[in-house]
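Secondary and tertiary structure notes
Chain residues, written in single-letter form:
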Amino acid sequence: MFDITALELSKAIKNKKYSVTEVTEAYIEKIRGNNNKYNTFITISADRALRQAEAVQKRIDSGENISALAGVPVSLKDNISTLDIETTCASKMLKGYVPVYNATAADRLEQAGMIVLGKMNMDEFAMGGSSETGALGTVKNPWDINRVAGGSSGGSAAGVAAGEIPLSLGSDTGGSIRQPCSFCSVTGIKPTYGAVSRYGLIAYASSLDQIGPIGKNADDCAALLSVISGKDGMDGTCTLEKPFDFKSETQTQKGIRIGIPRNYFNKELDDDVGNAVINAAKELEKTGAELEEFDMPLMDYAVEAYYIIACAEASSNLSRYDGIKYGYRSQKAQTLPEVYRFSRSEGFGLEVKRRIMLGSFVLSSGYYDAFYKKALHARSLIKNAYDSLFGRYDIILSPVAPTTAYKIGENISDPLKMYMGDIYTVSVNLAGLPAISLPCGFDRNKMPVGFQLIGAAFSENTLINAARIYQLNTEWHKNKFNTKQVYKKCGNR
Amino acid sequence: MLIDEKLIAYLEDLSYLYLTDNEKIRIAGDMEKILEGMARLSELGTDDIPVKPQCINELRKDTVTPSFDRNLILRNAPEKNNEMFISPKVQE
């Protein structure tokens, strides 16, 4: 059952090949058997999952057609609130915090009959690109445990890659779904801003955050996105009227215009990554798509604008952690202001503090206009540029990250270098657009390479269709870190 | 841009943080480099570009619905009694 896709697994359950409890028990055993080798799970909610499995089995046995993913195990990044399951954001600040409500996305998983197996490791408060900043330790890449899994949804991506979970939810503020998917050779979608409710997603940068699926292929991710998307009264910015319904069965990309930003392929981009991404574009061309190169000069400013806006919003969002209502409280404090300051100082890690300090700076009197306001203007310029590009192209194809997964500890002491690793992903969040990250090869160290397809707002159907066709014609997504056989079949570059 | 001790202290106050000496040195050094990069935005002629709204925010109807049970809300508080959060005195 570990070798089939989530959609196939749900069908097998429906056809009584496996019971929901059998599947749940098998996955729990697999996770426990791995003994946290990759440090993917923060919490395993086994008892709750087994109770849920029994209830879902009853619904299936009574003939209820629950959903295309009924009975399938799923996990959530640990910044998505889960009723009665500890939700830590991989931070000492929230250790022991047990939400009294489900995030809307978590609710919808349960309504769809999916079995929540637990919560995934990540960068602390989703601040990082390597899943090294969390208080629960570094997530390890199943392809090479000396390398990072990417971040911040590293636990979710590595968990899927390691076969510990068939599907997982991550969140993407500046690339946090797409980059770990690229590093771990799995598929992930950053939905359009407003497609998925953020209610219960612990906020990092509210105008950029979006929950999305991570899975073995585009079909599984599309099915999970259908489950979690659509309007929600608890999030006024979630405006997608009805959940996505991906039904297109077309096998051709004829008439689809794909733009490739020429200046993304510069000296900063690793050669092996660049070649694999170009090969992916050629593959789509073979299926009928028309390719055209263009220049995206604004890319040079996207990282700066992103970090100003994200840190500004983070400094405001994280002001809620005061040591009073929930979360960590320092024992040193004597006065109320000391409760706030000592609790925050002892509860947050270095990267979180750095971003709060940066956010306070760019919002402070005297610097607001030169930094925060300027970044908002740059964001508008980037949005305008994308608007005009999507008049010419249906899809923009680009790398996800300048390199493949790097060694653990290699970049952690150089935040600027780490931030520049987000160069190909952040503009998508600034413009609120959807993007899908797909495996497309390996580098000289046999580490996975991914590429992304970016679309106009709410054009997920176009992206998923292209991704499906790409995966029908290639086998990169079928590679497994522990199976050399399929890897050979795909051929090295 | 010089990130000096005075500025770091000011930002610590705004952020409700006390940094250790080691954190102050690291964060000041990193901020120096990061802000230098961020200042490149001034190269962009953007002053006549209107700032677009970041998202649509549709407010729901203002209807009364049951709120969370008080005991549930209190269960995550570091210090509490039966019906309230406990903190040090606000006023002496």
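Residues numbered from 1 in each chain as written. Chains lettered and ligands numbered in written order. Predicted model: local features only at pLDDT ≥ 70, side-chain atom pairs only at ≥ 80, totals over all residues. Heavy atoms only, no water.

**Thoughts on the overall build of chain A**
Scanning chain A from terminus to terminus reveals 16 helices and 13 strands. In terms of overall size, chain A behaves like a compact globule, its C-alpha atoms giving a radius of gyration of 21 Å where 493 residues would be expected to give roughly 23 Å. Taking the principal axes of its C-alpha atoms as reference, chain A extends roughly 65 × 55 × 45 Å. Across the 493 residues of chain A, 67% fall into the buried class. Long-range contacts, defined here as pairs at least 24 residues apart, represent 75% of the contacts in chain A between residues at least 6 apart. Carbon together with sulfur atoms contributes 49% to the accessible area of chain A, which is approximately 16,400 Å² in total. (Helix = DSSP H or I, 4+ residues; strand = E, 2+ residues; numbered from the N terminus. Rg over C-alpha atoms; globule rule 2.2 N^0.38 Å. Buried < 20%, exposed > 50% of the residue type's maximum accessible area, 1.4 Å probe, protein only. Contact = heavy atoms within 4.5 Å. Areas by Shrake-Rupley, 256 points an atom, 1.4 Å probe, with all protein chains shown as cover.)

**A word on the side chain of Asn102 of chain A**
All names here are of chain A. Within the secondary structure, Asn102 sits in the loop between β2 (73-77) and α4 (104-111). Among the polar contacts listed, one links the side chain of Asn102 to the backbone nitrogen of Leu83, at a separation of 2.9 Å. A distance of 3.2 Å separates polar atoms of two side chains, one belonging to Asn102 and the other to Asp107. Residues in contact with Asn102, not counting those within four places in the same chain, are Ser81, Thr82, Leu83, Asp107, Glu110 and Tyr199. (Polar contact = N/O pair within 3.5 Å; in protein donor to acceptor, adjacent residues only side chain to side chain.)

**Side note on the pairing of strand β3 (residues 115-120) of chain A**
Regular strands place their side chains on alternate faces of the sheet. All names here are of chain A. The element β3 is extensively covered by neighbouring structure, given that six of its six residues are classed as buried. Bridge count between strand β1 (residues 41-44) and β3: three bridges; the pairing is antiparallel. What sits directly across from Phe41, in β3, is Met120. Taken together, the five bridges between β2 and β3 define a ladder with parallel strand orientation. Paired with Ser75 across the two strands is Gly118, which belongs to β3. Between the parallel elements β2 and β3, the chain passes through α4 in a crossover that is right-handed. (Pairing = 2+ DSSP bridges. Right-handed = clockwise from strand over helix to strand, strands pointing away.)

**Here's the deal with the sheet that holds strand β6 (residues 167-171) of chain A**
What links the strands of a sheet is backbone hydrogen bonding, and the strands pair in either a parallel or an antiparallel sense. Residue and element names in this part refer to chain A. In space, the 11 strands of this open sheet follow the order β1-β3-β2-β6-β8-β7-β12-β13-β11-β9-β10, with mixed pairing throughout. Two strands lie at the open edges of the sheet, namely β1 and β10 (290-294), each paired on one side alone. Adjacent strand axes in the sheet meet at a mean angle of 30°, parallel and antiparallel pairs treated alike. Packed on one face of the sheet, helix α7 (residues 218-228) meets β6, β7 (187-190), β8 (211-215) and β12 (435-442) and runs near 150° to β8. (Axes fitted to C-alpha atoms, helices over the stretch in contact; angles between N-to-C directions.)

**Notes on the pattern of salt bridges**
Taken as a whole and assessed by the stated rule, the structure comprises 30 salt bridges over all chains. The shortest N-O distance in the salt bridge between Glu268 of chain A and Lys267 of chain A comes to 3.1 Å. Of the charged contacts in the structure, one is a salt bridge between Arg354 of chain A and Glu351 of chain A, with a shortest N-O distance of 2.6 Å. Here Arg354 of chain A and its partner Glu351 of chain A are both found in helix α11 (residues 350-363), three residues apart, which amounts to about one turn of the helix. Relative accessible area serves as the criterion here: at 10%, Glu351 of chain A is assigned to the buried category. Residues participating in the shared-partner salt-bridge network are Glu351, Arg354 and Arg355 of chain A together with Asp30 of chain B. (Salt bridge = Lys/Arg side-chain N within 4 Å of Asp/Glu carboxyl O.)

**Considering the packing of helix α2 (residues 20-34) of chain A against helix α3 (residues 46-61) of chain A**
Residues and elements named next belong to chain A. Closest axis-to-axis distance for the α2/α3 pair is 8 Å, and the angle between their directions is 155°. Accordingly, the angle class assigned to the pair α2 and α3 is roughly antiparallel. Like other packed secondary-structure pairs, α2 and α3 cross with a definite hand, here right-handed. For the pair α2 and α3, contact is made by Val20, Thr21, Thr24, Glu25, Ile28 and Arg32 and by Ala46, Ala49, Leu50, Ala53, Glu54, Val56, Gln57 and Ile60, respectively. Here the residues of the contact of α2 with α3 are counted per class, giving eight nonpolar, three polar and three charged. (Parallel < 35°, antiparallel > 145°, perpendicular 65-115°, else oblique. Left-handed = near helix turned anticlockwise from the far one by under 90°. Nonpolar A, V, L, I, M, F, W, Y, C, P; charged D, E, K, R; others polar.)

**Section: a nonpolar patch on the surface**
All names here are of chain B. A contiguous nonpolar surface patch, about 240 Å² in accessible area, is contributed by Phe68, Ile73 and Phe85. If you trace the backbone, Phe68 turns up in the loop between α2 (21-38) and α3 (70-74). By relative accessible area, which is 41% here, Phe68 ends up partly exposed. (Patch = residues over 30% accessible without salt bridge, like charges linked within 9 Å, V, L, I, M, F, W, Y side chains within 5 Å.)

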